[in-house]
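Structure at a glance
Residue-level listing of the chains:
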Amino acid sequence: MMKHDATPIFTFAAASVAAMTASAMTASFAAEQPQPFDLGEIHVGAQRMSAPEKTTVKKKDDGPAPRQTTDSFGGTVLSNRQIETYQRDSLDRAVNLAPGVVSHSTGGSRNEQNIYVRGFDRWQVPLTIDGVRVYLPADNRLDFARFLTPDIASVQIAKGYVSVLDGPGGMGGQINLVSRKPTREVEGELRTGLEFGRDGTYEGIKTYGLLGTKQENYYLQVSGAWRDLRGWMLPESFSPNATQGEGQRVNSEAYDWNVNAKAGYTPNAADEYSLSFIRQDGKKSAPFHISDPIASQRYWTWPYWRVQNLYFLSNTKLGDDFYLKTKAYWSKFDNGLFSFNDAALATQKTQKSFRSYYTDYALGADIEVGADIAGVDTLKIAGHYRFDEHGAWQDYYGVNASGGSAGCQTNVVCFTQPMVYAQEDTYSLAIENTFHPTKDIDLVQGFAYDWRHLRKAEDYVIGSGVLSYPLRDMTAPNYQGAAIWRYNDTDKLYFNVSDRERFPTLFERFSTRFGGATSNPSLRPERAINFDLGWSSEFAPGGRIAIDVFHSIVGDLIQSVPVPRFGAGVTQSQNVGDGRFWGGEISVDYAPAENFSIGGNLTLMRRSVVAPYIANFQPIGVPDAKMFLFAAYRPIAELTLSPNVEMESNRWTSNTSGSLYYRTGAFFLFNMQADYQIHENLKLTAGVRNLFDTAYTLTDGFPEPGRSFYLGAKTTF
């Protein structure tokens, strides 16, 4: 990391641009990269604590294109520079840069972005911020588009193998957002950008700012991001109909902001204690299905969607061979969902209309201790506890507490139900041992035992009042093992197996889904056995390759199946599925010259799921093949041109009723960005997405955006 003068630089003299040499300019690219918050990282390797292993000088990522990074268990780490270079300002768009990971709209009335990691979705892949779980106890239907990325130093994506030390739920992977950390006495950053549609129509603005300080024994930092999107435009080739006209997508607007504050105490070089607070707010509407009759669709909007986390993290070195890590947190989630009777979102008069409110919170604490034993063995033990409470209530229109309509008026709440609650405790005890038979080899063994205690599960039924479901606890053991061979300074070979579970959500066990489902309190956890074999090598100066092959065996897969005995169209979540997910990934980076870089990644994947109660069922959301290719060229020191292409093959989707499964078709997108570093502390950006205005669909009835343009500026000090 470069050393910087402690005095902020605010002078942008033209003479400094003329005097800047190519080498100094190149160095500034590396200096811009934010430092990740080490305490917030999840376990991505089998680190020794005292016995040194073979080390190499860490190379600066200062080439024209940012390098791809993989860990020793087949996972991927996305850097802030990658996210910025390819303008992925929300998490759902950022993860598409990684092999084995794909995002897409869930469709329907929820307007959410889901993420699949080697075939496992948001229920099976926990999301954490600085290692603290972001979990919605009711249904955990996270909308990954709500998580903004400018203030993220890196995104850690564990695929298949998730260390048992990181807590329960990592059945198919884990995504961890690592926040930034100051490294200089005074440092700051400001970004802003404008979005435009294919014809130049203004679509929105996004802004980000950070201010921090690093002193001898402490650091302070505050940052925030804001995004106000008026909507996005469909491709010119889209054929308008009664539901959706040409041009801007109906109800595609969104508004998001977040703030992140951090204070840390570092009494010495080894110990660190940090307190952080994160709040993010958003609101959105839901575009309509373009081919379903407009009268049959739901008219939903979210006036607020709010997540807050307050957490304390610490790391204390106890002599040369021992350490203690602690974590304590408070999390809160609030959201409102309003349903209307008309597409204009102006009328609420029948039972179809309502205002639904969630107010959830969680308290939790983790502790981890580790020891190096004679320099050849590393033993780590962790304990986790979390309490979740879900509170919900609803305002009804067009129906009263008895189930009739007497006394109800248009746009006037007819009655408000009592608040109902669900409460759960989740525990986990984990142990991980890493044996180092030589300085080149790590043999990892892990075991955890998770259990969940359900304290309360309530629901409300019109005409019957509040009811309580039977309370049942769940337990599940977890096993894993890995072997890592670093056979020279730059190359490694690894193999791992992970046998993990995922507890069902309250939604899966108890939700009536507005009358369309019945409960199943005895629903069992899902389980997956994941195998991964990988190899990475620096095959040439400036060149790197990583290859992974993986296979997952899934049991007790939870699916929603029809249960005619409870009524026509009624479903129930049941453990009826078994599955096989398999495929391979390859990523390559190569810099044949100092001013030119190329690379990319390719994923091939197949999924087979047995669902005997669902006719013609196919697993949706994941393409058979996914490719991301990039290049970057610096014709002069100040200018970087970064073209990239995205390709995804066919994937399965289904119509609204689930009676028809079909393939969406492949697509190819070309994107381009130009960065001009007019000063060491000032950069201008211009770019285009989907240059050829390609029309494509990932989910039945929900077309994706056409061509768009953006302009941006970034200043640092």
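Quick caveat: nothing in here was measured; it's all calculated off a predicted structure.

Another point: the overall build of the protein. For the protein, the count of helices and strands is five helices and 37 strands. Relative to the compact-globule value of 27 Å for 717 residues, the protein shows a C-alpha radius of gyration of 26 Å, a close match. Restricting to contacts in the protein with at least 6 residues of sequence separation, those with at least 24 account for 67%. Carbon and sulfur atoms make up 59% of the accessible area of the protein, which amounts to about 28,200 Å² in all. Charged side chains of the protein number 68 positive and 78 negative; the gap between the two group centres comes to 3 Å.

Bringing a nonpolar patch on the surface into the picture now. A surface patch of nonpolar side chains, about 580 Å² in accessible area, is lined by Ile367, Val369, Ile381, Ile431, Phe447, Tyr449 and Tyr479. If you list the elements that add at least two residues to the nonpolar patch, you get β17 (354–373) and β21 (441–461).

All right, on to the nonpolar core then. Judged by nonpolar contacts, the single largest core of 52 residues is most densely connected at Leu91, Leu127, Phe147, Val155, Ile157, Ile175 and Leu177. A per-element tally of this core places strand β15 (residues 299–318) first, with four residues. Filtering out sequence-adjacent residues up to four positions away, Val155 remains in contact with Thr76, Val77, Leu78, Ile83, Leu91, Ile175, Asn176 and Leu177.

A word on the pattern of salt bridges. If you walk through the whole model with that rule in mind, you get 42 salt bridges. Between Asp89 and Arg93 there is a salt bridge; the shortest N-O distance is 3.0 Å. For Arg122, the salt bridge identified is with Glu112, shortest N-O distance 3.0 Å. With a gap of ten residues between them, Arg122 in the loop between β5 (113–117) and β6 (127–129) and Glu112 in the loop between β4 (101–105) and β5 connect regions that are remote in the sequence. Overlapping salt bridges bring together Glu84, Arg180, Glu189, Arg191, Lys683 and Lys714 as one network.

Turning next to the side chain of Gln68. Following the sequence through the fold, Gln68 ends up in the loop between β1 (35–36) and β2 (69–70). Residue Gln68 is classed as buried on the basis of its relative accessible area, which comes to 9%. Separated by 3.2 Å, the side chain of Gln68 and the backbone oxygen of Val588 make a polar contact. Of note is the side chain of Gln68, whose polar atom sits 2.9 Å from the side chain of Asn601.

Moving on to the state of the cysteines. In the structure shown here, the tally under the stated rule is one disulfide. One disulfide in the model links Cys408 with Cys414; its S-S distance is 2.0 Å. In this structure, the disulfide formed by Cys408 and Cys414 twists by about -75° around the S-S bond and is classed as left-handed. Residue Cys408 is classed as partly exposed on the basis of its relative accessible area, which comes to 21%.

Let's shift gears to the confidence of the model for the protein. Here the protein averages 91 in pLDDT, while 92% of its residues score no lower than 70. Scored below 50 in pLDDT, residues 1–31 shows 42 contacts in the model against residues more than four places distant or in partner chains. Taken as a whole, residues 50–57 scores under 50 in pLDDT and shows 15 contacts with residues more than four places along the chain or in a different chain.

The next thing to look at is the packing of aromatic side chains. Inspection of the entire model under this criterion finds 27 aromatic pairs. Summarising the aromatic geometry, the rings of Tyr86 and Phe630 are spaced 6.1 Å apart at their centres and angled 50° between planes, so their arrangement reads as tilted. Here the residue Tyr86 occupies a position in the loop between α3 (80–85) and α4 (91–94), and Phe630 occupies one in strand β29 (residues 625–636), the gap between them amounting to 544 residues. Like Tyr86, the residue Phe630 is buried in the burial classification. With a centroid separation of 6.3 Å and 50° between ring planes, the pair formed by Phe415 and Tyr460 is classed as tilted. Taken together, the positions of Phe415 in strand β19 (residues 415–416) and Tyr460 in strand β21 put the pair 45 residues apart, joining distant regions of the chain. Side by side, Phe415 and Tyr460 carry an identical accessibility label, which is buried. In this structure an aromatic cluster arises from ring pairing among Tyr385, Tyr427, Tyr449 and Trp451. The aromatic ring of Phe37 is capped on one face by Lys262, whose charged end is 4.0 Å from the ring centroid. One Lys or Arg, Arg607, reaches over the ring of Phe581 and ends 5.6 Å from the middle of that ring.

The tally for this structure, following the rule as stated, stands at twelve cavities of 30 Å³ or more. Space inside the largest cavity adds up to approximately 1,200 Å³. As for the largest cavity, its lining consists of 48 residues, and the residues nearest its centre are Asp92, Arg93, Trp232, Glu704 and Pro705. Those elements giving two or more residues to the lining of the largest cavity turn out to be α4, β4, β12 (218–229), β30 (639–648), β33 (667–679), β36 (702–703) and β37 (708–716). Tallied by class, residues from the lining of the largest cavity come to 15 nonpolar, 17 polar and 16 charged.

Moving on: the side chain of Asp442. Considering the arrangement of structural elements, one finds Asp442 in strand β21. Looking at Asp442, its side chain comes within polar contact range of the side chain of Arg486, at 2.5 Å.

Attention now moves to the pairing of strand β24 (residues 492–502). Within β24, eight of the eleven residues are buried, which leaves it mostly tucked inside the rest of the structure. Direction of pairing for strand β23 (residues 474–485) relative to β24: antiparallel, over a ladder of seven bridges. The partner of Ala483 across the bridge, within β24, is Phe495. A loop of six residues connects β23 with β24, the two strands running antiparallel in sequence. Bridge count for β24 against strand β25 (residues 526–540) is eleven bridges, and the pairing is antiparallel. Bridge assignment links Glu501 to a residue of β25, and that residue is Arg527.

What counts, and where the lines are drawn
Residues numbered from 1 in each chain as written. Predicted model: local features only at pLDDT ≥ 70, side-chain atom pairs only at ≥ 80, totals over all residues. Heavy atoms only, no water. Helix = DSSP H or I, 4+ residues; strand = E, 2+ residues; numbered from the N terminus. Rg over C-alpha atoms; globule rule 2.2 N^0.38 Å. Contact = heavy atoms within 4.5 Å. Areas by Shrake-Rupley, 256 points an atom, 1.4 Å probe, with all protein chains shown as cover. Lys, Arg positive; Asp, Glu negative; His and termini not counted. Charge placed at Lys NZ, Arg CZ, Asp CG, Glu CD. Patch = residues over 30% accessible without salt bridge, like charges linked within 9 Å, V, L, I, M, F, W, Y side chains within 5 Å. Salt bridge = Lys/Arg side-chain N within 4 Å of Asp/Glu carboxyl O. Core = buried A, V, L, I, M, F, W, Y, C linked by side-chain atoms within 4.5 Å. Buried < 20%, exposed > 50% of the residue type's maximum accessible area, 1.4 Å probe, protein only. Polar contact = N/O pair within 3.5 Å; in protein donor to acceptor, adjacent residues only side chain to side chain. Disulfide = S-S within 2.5 Å. pLDDT = per-residue confidence, 0-100. Phe/Tyr/Trp six-rings, centres within 6.5 Å; stacked < 30°, edge-to-face > 60°. Lys NZ or Arg CZ within 6 Å of the ring centre and 35° of its normal. 1 Å grid on protein atoms, 1.4 Å probe; cavity = no way out; pocket = protein on both sides within 12 Å on 5 of 7 lines; lining within 4 Å. Points joined across faces, edges and corners; volume = space filled by probe spheres on them. Nonpolar A, V, L, I, M, F, W, Y, C, P; charged D, E, K, R; others polar. Pairing = 2+ DSSP bridges.

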